[in-house]
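# Survey of secondary and tertiary structure
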Amino acid sequence: MLKIPKHQVAGHKASDGLLGPLIDDSGRFYKPLQSDERGSKEVAFYTSFSSNAMVPEHIRKFFPIFYGTQLLEASDGSGLCPHIVLQDVVSNLLHPSIMDVKIGSRTWYPQAPEDYIHKCLKKDRETSSLSLGFRISGLQLYGSEESGFWRPGKKVVQNLNADEVRVVLRKFVSSYSSADPNFVPDCAFASSVYGGSTGILAQLLELKSWFEDQTIYHFNSCSVLIVYEKGSMLKRPSSGAVVKLVDFAHVTEANGVIDHNFLGGLCSLIKMISEILTSPDECRTKNGLQDSDKNCIYIGDSKGE
Ligand SMILES: O=P(O)(O)O[C@@H]1[C@@H](OP(=O)(O)O)[C@H](OP(=O)(O)O)[C@H](O)[C@H](OP(=O)(O)O)[C@H]1OP(=O)(O)O
Ligand SMILES: Nc1ncnc2c1ncn2[C@@H]1O[C@H](COP(=O)(O)OP(=O)(O)O)[C@@H](O)[C@H]1O
């Protein structure tokens, strides 16, 4: 049976009669094709990517598996609508902590209509995209059985400045997560989630080495999803943290040109995560009290939509 995903952190959502993705119990994620060219462009990307022999095999793990398209009853009640059928990358997780990081200081693509470029430019300027080369588009952090999930509002998350983004990347791997403004990130899981030979940093570096070479696609406005199961982390120190790329509605052909925009944003994210690994204690003062100026950035709760 199709249902609304519980763990979707950004993008168009299926609720209140709106068109959005659906999932089922078999581990598939059904993303409806938007009525303009965005849907068909995303299908075209997945079709091209799936059969492109120039894409190295080890890079495919960074993309959800593509199972074609399927006509399904749309979530908004408008009737049958084609959906892109994808691997649901969080289907095997009970308490996933998820971060959607939109990569690139520029989220528009050169051939886009002028009004669309203006809309994107405005968002890029008002968020950390311009200063950092990426912005957090959506976030959910699992705290504990008692506190459940912390899902700061979409606009609040997107409008974080560079310093606030730094703190959120620390909170993402901390043992406690909440909207409490006094919450000081302890980075307790930094080494097991971000670090290690298979952790997030290693995966991002592997992806980066491909982006240093690949001149097939420009991944405009595409996101890196960072996911790990915190529930199990509380019991055993193995996070199974993964990086997946999502949202290919604005991918364009690279025509032999490096995707500098994506590569630059990726390098910036890598640098920030590396810094957390080299100084995980930065958020704690020597006597254990919080440094309220620097570390206790309150990023609101789920009412901030
Ligand atoms: O707010 P809007 O109306 O610009 O909505 C954005 C969408 O534009 P649309 O309205 O469909 O043309 C926009 O769609 P496109 O990327 O332009 O296809 C995104 O869904 C964006 O969400 P996110 O930044 O990817 O998480 C959406 O942004 P947020 O709602 O997350 O700000
Ligand atoms: N394959 C997937 N499996 C699980 N969740 C996904 C998948 N693709 C996207 N999502 C979730 O949906 C959100 C929005 O996806 P996205 O493709 O960016 O949609 P939109 O085009 O509406 O912006 C992501 O932040 C993530 O939470």
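Residues numbered from 1 in each chain as written. Chains lettered and ligands numbered in written order. Predicted model: local features only at pLDDT ≥ 70, side-chain atom pairs only at ≥ 80, totals over all residues. Heavy atoms only, no water.

An unreviewed UniProt entry annotates the protein chain as Inositol polyphosphate multikinase of Jatropha curcas. Recorded in UniProt under Function (unreviewed entry), the annotation for the protein chain is "Inositol phosphate kinase with a broad substrate specificity." Per UniProt, the protein chain has the following entry under Sequence similarities (unreviewed entry): "Belongs to the inositol phosphokinase (IPK) family." (UniProt positions renumbered as here; feature names shortened; annotations may be inferred.)

With that out of the way, let us pick up the site of ligand 1. In the vicinity of ligand 1 lie 13 residues, with His12, Arg38, Lys119, Lys123 and Lys155 positioned nearest. At a separation of 3.0 Å, an oxygen atom of ligand 1 approaches a polar side-chain atom of Lys154. In this structure, an oxygen atom belonging to ligand 1 sits 2.9 Å away from a side-chain N or O atom of Gln158. When isolated, ligand 1 has an accessible area of 590 Å², and the protein chains bury 76% of it. Of all the secondary-structure elements, those providing two or more residues to the shell around ligand 1 are helix H3 (114–126) and helix H5 (154–158). When the residues that make up the shell around ligand 1 are grouped by side-chain class, the tally is two nonpolar, five polar and six charged. Of the domains in this structure, domain 1 (1–90) and domain 2 (93–278) are the two that each give at least three residues to the shell around ligand 1. (Near = heavy atom within 4 Å. Polar contact = N/O pair within 3.5 Å; in protein donor to acceptor, adjacent residues only side chain to side chain. Areas by Shrake-Rupley, 256 points an atom, 1.4 Å probe, with all protein chains shown as cover. Helix = DSSP H or I, 4+ residues; strand = E, 2+ residues; numbered from the N terminus. Nonpolar A, V, L, I, M, F, W, Y, C, P; charged D, E, K, R; others polar. Domains from an automatic or database assignment.)

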